[in-house]
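Residue strings, one per chain:
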Amino acid sequence: MVSRPLHVRSAALGAVLLLAAIAALAAEPSPAGASAAAPPAAPAAAQAATPAATPGATPGATPAADSAAVAGKAPTPAGAPSAPAAGGDATPAPESGSGEFKTLDQEVQGLKKDVIDLNKDLFVLEEELLFPANTQVAVYVSMDVGTFFALDSVTVKIDNKEVKNYLYTAREADALLKGGVQQIYLGNLKVGKHELVAFFTGKGPVERNYRRGATINFEKGVGAKYLELKITDKVPKHQPEFTIKDWE
Amino acid sequence: MHRLLLAAGLLACALPVAGVRAASPPPIVGKDAPDFVLKAIDGTNLRLSEFRGQVVLVNFWARWASDSRQEMPALNRINRTYERAGLVVLGISVDEDLRRAREFADAMKPTYPVMFDTGSQLGHDYQLEKMPMTILVDRSGVIRYAHVGFKRGDDRIFLDHIRQLLRE
């Protein structure tokens with residue numbers, strides 16, 4: 001309701017401007033008149049064009065640059081020996097162009113590597129600062145076979161306080177079945193005795209909704225504590241089994 | 001002469017567009033879309049980040065928001081048309097009453113996954129103020145467009161943005 005009058009008003013204004021421009025052209029057809037009419041239109045047109053043009057232009061430019069780089073690189077091995085022999089002025093230009101692309105590409109790759117290295121260092125530093133070894137507790141989830149259980153979610157409680165509730169997508173559950181191990185929780189605990197309870201929900205045998213829990217009492221020492229929530233198949237009973245392993 | 005006419009014509013066309021864009025976009029636009037994982041109506045869990053590489057339309061709706069009733073059929077049409085082109089439409093109900101939200105969703109027969117969020121974190125992350133709210137996430141996971149409410153013709157605006165993002 002609000003935007004319609006705005007549209008109408010803007011369209012009317014546009015039509016008036018259009019008429020004014022035509023009238024100005026009819027009155028003074030000289031180039032000066034044309035140049036005088038152009039400036040007001042240019043910023044508006046540019047404004048309207050910028051948001052649409054910018055995102056479209058970037059990807060369009062990139063493949064072009066890439067193809068130019070590829071095109072520049074490709075002829076280099078074949079073209080390089082021929083260039084000195086010919087001794088022409090035209091041949092060295094593409095060579096220097098491809099060289100520039102190469103060095104630029106190398107620089108970009110180097111920068112990317114630096115960023116990745118820095119990110120890795122920052123991650124390690126952050127983890128060391130936020131979760132120092134003397135208080136660190138890490139909980140992992142692993143799954144073996146999974147014939148009798150399709151994992152849906154895991155809830156972790158430490159000392160009766162819920163610290164994590166994780167919903168698994170089909171891809172994530174599949175990754176666990178393929179041998180992946182997921183760090184579900186990383187936190188701090190003071191030295192002493194603690195209790196961890198994990199609840200597993202999903203589909204059990206015969207597609208039934210299944211919810212089971214597993215508990216472990218553990219002692220947190222001065223070093224980091226690693227616990228593993230293991231989901232395995234208990235073949236003789238045709239049931240899944242949920243255990244918690246304490247990695248010293 | 002032709003150039004001048006063309007410039008004036010462009011100006012006439014550009015002004016209404018500029019008028020529409022004059023309204024400031026929601027502050028979430030241009031930021032990375034906060035990740036979430038929610039349970040869909042069919043029982044599967046869906047995570048937003050798993051759709052990275054595709055254009056995602058996320059529609060937050062509520063049973064009590066009358067605009068949602070108009071918007072869902074429009075989104076159904078958009079989903080049917082652009083699903084093959086790589087568009088993913090996700091509907092998220094923010095209703096607290098899960099049972100009635102399910103009933104509403106069943107009645108609307110959406111062709112896209114509908115999920116239920118009964119917590120408050122997602123609403124906070126996406127700065128939800130009014131319902132319905134529709135956001136468009138580009139292939140790299142950045143929110144490119146956000147729209148609050150729905151009225152007739154808004155689906156055309158969605159389509160313009162969707163086509164642009166699918167071309168990128």
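Only a predicted model underlies this, so the values are computations on that prediction, with no experimental measurement involved.

S.K.: Honestly, the overall build of chain B in this entry has me stumped. Any pointers?
M.R.: When helices and strands are counted, chain B shows 5 helices and 7 strands. Each helix (α) and strand (β) of chain B, taken in turn from the N terminus, gives the series α-β-β-β-α-β-α-β-α-β-β-α. Counting only residues that meet the buried cut, chain B has 34% of its 168 residues in that class.

S.K.: Even after reading the chapter, I still don't get the pairing of strand β7 (residues 225-234) of chain A, so can you show me in this structure?
M.R.: Two faces make up the sheet, and in a regular strand the side chains alternate between them. Residue and element names in this part refer to chain A. Two strands pair when backbone bridges link them, and strand β1 (residues 136-143) and β7 are joined in this way by 7 bridges, in the parallel orientation. Bridge pairing in β7 links Val141 to Leu229. In the sheet, β7 pairs with strand β8 (residues 239-247) via 9 bridges, with the strands oriented antiparallel. In the sheet register, Leu229 faces β8, and the bridge partner there is Ile244. Connecting the antiparallel pair β7 and β8 is a turn made up of 4 residues, with His238 showing a positive phi of about 55°.

S.K.: So what exactly am I meant to see when it comes to the sheet that holds strand β2 (residues 150-158) of chain A here?
M.R.: Picture the strands of a sheet paired through backbone hydrogen bonds; they go either parallel or antiparallel. Residues and elements named next belong to chain A. Pairing is antiparallel across the open sheet formed by 4 strands, whose spatial order is β3-β2-β5-β6. Of all strands in the sheet, those with a lone pairing partner are β3 (161-167) and β6 (209-220), marking the two edges. Put simply, the sheet's adjacent strands are angled 15° from each other on average, direction ignored. With 8 bridges joining them, β2 and strand β5 (residues 192-203) adopt antiparallel strand pairing. When the bridges of β5 are listed, Thr155 appears paired with Phe199.

S.K.: Any chance you could explain the nonpolar core here in plain terms?
M.R.: Generally speaking, soluble globular proteins have nonpolar side chains that are buried together. In this structure, Val58, Phe60, Leu136 and Ile162 of chain B are the most contacted members of the largest nonpolar core, which totals 36 residues. For this core, the secondary-structure elements that each account for two or more residues are β3 (55-61), α2 (66-82), β4 (87-93), α3 (98-108), β5 (114-116), β6 (133-137), β7 (143-148) and α5 (154-167) of chain B. Looking at this core element by element, the count peaks at 6 residues for β3 of chain B. When residues no more than four places from it in sequence are discounted, the contact partners of Phe60 of chain B are Ile92, Val94, Tyr126, Leu128, Met131, Pro132 and Met133 of chain B. Core analysis: the next-biggest nonpolar cluster, separate from the first, contains 18 residues, Val139, Phe148, Val156 and Ile158 of chain A among them.

S.K.: I tried to follow the confidence of the model for chain B on my own but got confused; where do I start?
M.R.: A low pLDDT score tells you not to read the predicted coordinates there in detail. Summarising the model, chain B shows a mean pLDDT of 84, and 85% of its residues fall at 70 or more. Confidence drops under a pLDDT of 50 for residues 11-22 of chain B, and excluding neighbours within four residues, the segment shows 28 contacts in the predicted structure.

S.K.: Would you mind going over α5 of chain B with me for this structure?
M.R.: Residue and element names in this part refer to chain B. In this model α5 runs 20 Å from its N-terminal to its C-terminal C-alpha over 14 residues, within 8% of the 20 Å that 1.5 Å per residue would give. Along α5, the residues classified as buried are Phe158, Ile162 and Leu165. Looking down the long axis of α5, one finds its buried residues gathered within 65° of arc, a one-sided arrangement. Facing away from the buried surface of α5 by more than 90 degrees, the exposed residues are Arg156, Asp160 and Arg167. Close packing links the buried residues of α5 with β3, α2, β4, β6 and β7.

Calculation notes
- Residues numbered from 1 in each chain as written.
- Chains lettered and ligands numbered in written order.
- Predicted model: local features only at pLDDT ≥ 70, side-chain atom pairs only at ≥ 80, totals over all residues.
- Helix = DSSP H or I, 4+ residues; strand = E, 2+ residues; numbered from the N terminus.
- Buried ≥ 20, exposed ≤ 12 C-beta atoms within 10 Å, placed from the backbone.
- Pairing = 2+ DSSP bridges.
- Axes fitted to C-alpha atoms, helices over the stretch in contact; angles between N-to-C directions.
- Core = buried A, V, L, I, M, F, W, Y, C linked by C-beta atoms within 7 Å.
- Contact = placed C-beta atoms within 7 Å.
- pLDDT = per-residue confidence, 0-100.
- Expected span 1.5 Å × (residues − 1).
- Arc of directions from axis to C-beta.

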